[in-house]
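# Analysis of the macromolecular model
These are the residues of each chain, in order.
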Amino acid sequence: MSRVRDASGVDNPGFRSEPGDVVVPLETASERLTYSWENLNIFASVTQGCGRKKKVTEKHILKDVTGICRPGELLAIMGASGAGKTTLLNALTFRSDAVLKIKGSLYVNGRKVTPTLLTSRSAYVQQDDLFIGTMTVKEQLVFQANLRMDKDIPTHRRMQRVEEVMKELSLVKCAGTLIGIPGRIKGISGGETKRLAFACEMLTNPPLMFCDEPTTGLDSFMARNIVQAMRNMAQHGKTIISTIHQPSSEVFEQFDRVLLMAEGRVAFLGSTEGALDFFKGLGHHCPENFNPADFFISTLAIQPGKEDECRGFVAQVCDTFSASTAGREVAGAAVINAKSSGANAVGGADYVEIRKSPYKASWGEQCKAVFKRSAMENIREPMVLRVKLFQTLLISLLVGLIYFDQENDYIGVSNINGAIFLLLTQMSFSNTFGVVNAFCAELPVFLREHFNGIYRVDVYYLSKNLAELPFGIVLPLIFTAIMYFMVGMNPLVERFFATVGILMLVANAAVSFGYMISCLSKDVNVALALSAPLLIPLMLFGGFFLNSQSVPWYFIWIKYLSWFNYGNEALIINQWAGIENITCAEDSANGTTCATTGEQVIANLGYSKDNMGLDIGILFALIVGYRLVGFLLLLAKTSRKGVKSVE
């Protein structure tokens with residue numbers, strides 16, 4: 001056996017490894033964390049009936065769950081469906097649903113666990129494989145290595161670690177393959193995706209690791225490899241807690257300790273051999289050549305038609321373990337860990353004061369990496385680019401042909417004003433619907449990476465904004481360049497470029513509004529359902545369908561929030577200011593007269609040519625305002641459900 005070397009290359013006599021084991025980074029090589037939880041209770045509100053018969057009851061999901069996992073241990077949380085495995089793991093990692101009521105105490109080496117402290121020293125492998133599908137396997141690992149490994153580790157060591165992890169998890173063959181998006185981009189297989197999820201967490205050799213059913217979707221060989229990798233990490237002094245569903249007998253043998261859950265209670269916590277002896281003492285013998293994992297799950301399962309009998313047996317098992325010597329030892333060990341001295345606490349007694357941030361990379365490095373990924377995501381979806389360009393070309397040509405070659409007469413004034421508002425509408429709807437899925441579609445990926453301490457919320461939001469910015473500049477320019485002179489709008493060059501500038505502001509205001517809706521919504525379907533009802537009122541008060549001076553006082557606030565209003569006024573002023581030669585004959589039949597100058601056109605619409613600067617300023621303000629609201633909505637989604645202490 002060879003010694004494990006830390007990041008400096010110096011032998012660490014505290015750990016041993018087998019040939020071919022990975023190099024443990026200096027920061028985590030010396031850390032040994034004991035994680036304990038005491039009297040963890042979780043309640044959920046259940047609503048029954050509706051109206052006056054509506055009744056809200058509280059369902060007790062986890063009941064006085066106490067446990068501990070020490071350095072060097074691989075703990076498997078097992079149980080039948082509905083036993084509370086994932087609920088427990090989510091509570092331990094601060095990923096519980098916000099509607100749950102959680103009470104209990106969590107400790108790491110004598111220090112109360114907080115989300116920041118946990119994120120900085122742990123990794124979490126989710127059951128669902130969440131990635132940006134336009135990245136390759138190696139790019140994903142490099143992205144993780146750059147943002148999650150300690151800043152004093154040089155680049156060549158990061159890349160070396162990426163290669164080591166890919167070899168260990170058999171990802172070398174698919175290193176250059178796109179991860180893929182189901183139904184859109186062909187990518188790696190489901191098993192390779194699961195291994196990639198595990199590889200991302202193995203990069204930093206975290207001292208504490210949580211895994212939610214890491215073998216789901218893998219064949220028996222790869223499942224055994226994954227668990228063997230977890231066991232190797234545990235042998236290096238790591239603390240690993242994992243839920244697992246019906247492992248094979250070979251996989252089950254890899255676990256050091258097992259936590260059996262049943263009906264939200266602890267049925268057993270101890271060694272795998274001790275579990276067999278415990279159930280043997282209750283009169284339930286595991287048959288020879290039978291998978292112990294299947295035996296435990298079937299024994300503790302609630303069978304249809306025998307619910308009362310099974311629940312009675314489960315209660316007996318849980319009560320017996322709680323009163324047993326093993327159960328008292330677990331409770332005592334959890335109490336001892338909670339009262340450990342400050343010298344044994346995470347990072348020492350001054351840890352909280354010294355290290356408050358869970359992020360390993362600086363703000364600038366986070367921005368660089370996330371922006372590069374966001375830009376690559378846009379570039380590698382050529383269909384989206386083609387659709388946006390085709391839509392811009394088609395509609396600009398269509399508008400140009402419909403309003404082709406207008407004259408400076410009273411009919412031309414009406415038509416040009418209609419073309420201007422149609423231009424605003426196209427810029428607004430296409431840009432809003434073009435980005436309405438920007439954040440809600442990636443929300444699960446964002447939340448996982450943010451909670452893992454990879455990057456900040458403001459970094460992600462800013463990077464996505466910057467990556468989408470070229471579309472808000474280039475597409476309005478193309479659209480205006482095609483239809484402007486076809487329609488016969490103001491021929492002055494400076495008026496053309498002013499129109500382009502105003503439309504860029506309008507397009508970006510629409511993008512900002514789309515970002516706000518995307519951050520407000522929990523998924524793409526909700527975002528699409530909200531977009532049209534919220535956009536149409538803004539369009540109605542844009543000054544075309546209703547004169548700007550005729551807006552009812554109780555709807556005036558909508559007018560002030562509408563970029564249609566300010567964009568339309570700015571474009572109308574830009575088009576007609578200074579025009580003196582509008583030809584118009586009075587219609588004696590109906591007494592109708594028309595405007596003969598551009599100033600009259602502007603005034604008839606309820607606008608003032610002195611408002612141009614104000615309109616431009618407010619468009620900028622709306623761009624910033626809507627994006628700021630979007631950021632605050634996204635930030636609100638990152639709040640984590642804590643555990644209320646019941647000491």
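The rules we used
- Residues numbered from 1 in each chain as written.
- Predicted model: local features only at pLDDT ≥ 70, side-chain atom pairs only at ≥ 80, totals over all residues.
- Heavy atoms only, no water.
- Helix = DSSP H or I, 4+ residues; strand = E, 2+ residues; numbered from the N terminus.
- Buried < 20%, exposed > 50% of the residue type's maximum accessible area, 1.4 Å probe, protein only.
- Contact = heavy atoms within 4.5 Å.
- Areas by Shrake-Rupley, 256 points an atom, 1.4 Å probe, with all protein chains shown as cover.
- Core = buried A, V, L, I, M, F, W, Y, C linked by side-chain atoms within 4.5 Å.
- Pairing = 2+ DSSP bridges.
- Axes fitted to C-alpha atoms, helices over the stretch in contact; angles between N-to-C directions.
- Expected span 1.5 Å × (residues − 1).
- Bend = angle between axes of the 7 residues up to and from the residue.
- Phe/Tyr/Trp six-rings, centres within 6.5 Å; stacked < 30°, edge-to-face > 60°.
- Parallel < 35°, antiparallel > 145°, perpendicular 65-115°, else oblique.
- Left-handed = near helix turned anticlockwise from the far one by under 90°.
- Nonpolar A, V, L, I, M, F, W, Y, C, P; charged D, E, K, R; others polar.
- Polar contact = N/O pair within 3.5 Å; in protein donor to acceptor, adjacent residues only side chain to side chain.

Within the chain one finds 24 helices and 12 strands. Buried residues in the chain amount to 53% of all 647 residues. Counting contacts in the chain only where the partners sit at least 6 residues apart, residues at least 24 apart contribute 76% of the total. Accessible area for the chain stands at about 28,700 Å²; split by element, carbon and sulfur atoms hold 57% of it.

A word on the nonpolar core. One finds Tyr-35, Leu-88 and Phe-198 to be the most contacted residues of the largest nonpolar core, which totals 96 residues. In this view, Leu-88 contacts Trp-37, Leu-40, Leu-62, Val-65, Ile-77, Leu-259 and Met-261; residues no more than four positions away in its chain are not counted. With 55 residues, the next largest nonpolar core counts Phe-421, Ile-502, Ala-507 and Ala-570 among its residues.

Relative to the helices and strands, Met-383 resides in helix 15 (residues 382-402). Considering only alpha carbons, one finds Met-383 and Arg-184, 199 residues apart in sequence, at a separation of 9.8 Å.

Let's shift gears to the sheet that holds strand 9 (residues 208-212). The sheet built from six strands is open, its strands ordered 8-9-10-5-11-12 with mixed pairing. Single-partner strands in this sheet number two, and they are strand 8 (122-125) and strand 12 (265-271). Taking each pair of neighbouring strands and ignoring which way they run, the sheet shows an average axis angle of 15°. Where strand 5 (residues 74-79) meets strand 11 (residues 257-262), five bridges bridge the pair, whose relative direction is parallel. Looking across to strand 11, one finds that Ile-77 is bridged to Leu-259.

Here we take up helix 18 (residues 457-487). Taking 1.5 Å of rise per residue, the 31 residues of helix 18 would be expected to cover 45 Å, and the 44 Å separating its terminal C-alpha atoms lies within 8% of that figure. The largest bend along helix 18 reaches roughly 35° and is located at Glu-468, with the proline Pro-470 sitting one to four residues downstream. Taken from the residues just after helix 18, Gly-488 is the one with a positive phi, measuring 90°.

Inspection of every chain in the model, using the stated rule, returns 29 aromatic pairs. Considering the side-chain rings of Phe-268 and Phe-278, the 5.4 Å spacing of their centres and the 35° angle between planes classify their relative orientation as tilted. Note that Phe-268 is positioned in strand 12 and Phe-278 in helix 9 (residues 272-281), a separation of 10 residues in sequence. Neither residue differs from the other here; Phe-268 and Phe-278 are each classed as buried.

Below, the discussion takes up the environment of Glu-213. Inspection of the secondary structure assignment puts Glu-213 in the loop between strand 9 and helix 7 (220-235). On the accessibility criterion, Glu-213 (10% relative accessible area) is buried. In sequence terms Glu-213 and Gln-127 are 86 residues apart; their C-alpha atoms lie 5.6 Å from each other. In this structure, Glu-213 is in contact with Lys-85, Gln-127, Lys-194, Thr-243, Ile-244 and His-245, ignoring residues within four places of it in sequence.

Moving on to the packing of helix 22 (residues 563-576) against helix 24 (residues 612-636). The N-to-C vectors of helix 22 and helix 24 enclose an angle of 150°; their axes lie 9 Å apart at closest approach. In terms of axis orientation, helix 22 runs roughly antiparallel to helix 24. Seen along the crossing, helix 22 lies across helix 24 with a hand that is left-handed. On helix 24, the residues that touch Trp-563, Tyr-566, Gly-567, Glu-569, Ala-570, Ile-573 and Asn-574 of helix 22 are Met-612, Asp-615, Ile-618, Leu-619, Leu-622 and Tyr-626. A breakdown of the residues in the contact of helix 22 with helix 24 according to their chemical character gives nine nonpolar, two polar and two charged.

If you trace the backbone, Ser-96 turns up in the loop between helix 2 (85-92) and strand 6 (101-108). For Ser-96, the side chain forms a polar contact with the main-chain nitrogen of Ala-91, separated by 3.4 Å.

Two elements in contact, helix 16 (residues 410-435) and helix 19 (residues 493-520), have axes separated by 8 Å at closest approach and are oriented at 35°. Every pair of crossing elements has a handedness; the one defined by helix 16 and helix 19 is right-handed. Where helix 16 abuts helix 19, its residues Leu-423, Leu-424, Met-427, Ser-428, Asn-431, Thr-432 and Val-435 lie against Leu-503, Val-506, Ala-507, Ala-510, Val-511, Phe-513, Gly-514, Tyr-515 and Ser-518. Counted by class, the contact of helix 16 with helix 19 contains 11 nonpolar, five polar and no charged residues.

With eight of its nine residues buried, helix 17 (residues 443-451) lies for the most part within the structure. Looking only at helix 17, the buried set comprises Leu-443, Val-445, Phe-446, Leu-447, Arg-448, Glu-449, His-450 and Phe-451. Looking at the packing, one finds that the buried side of helix 17 touches helix 3 (115-120), helix 4 (137-148), helix 14 (363-379), helix 18 and helix 24. Gly-453 lies just past helix 17 and shows a positive phi near 75°.

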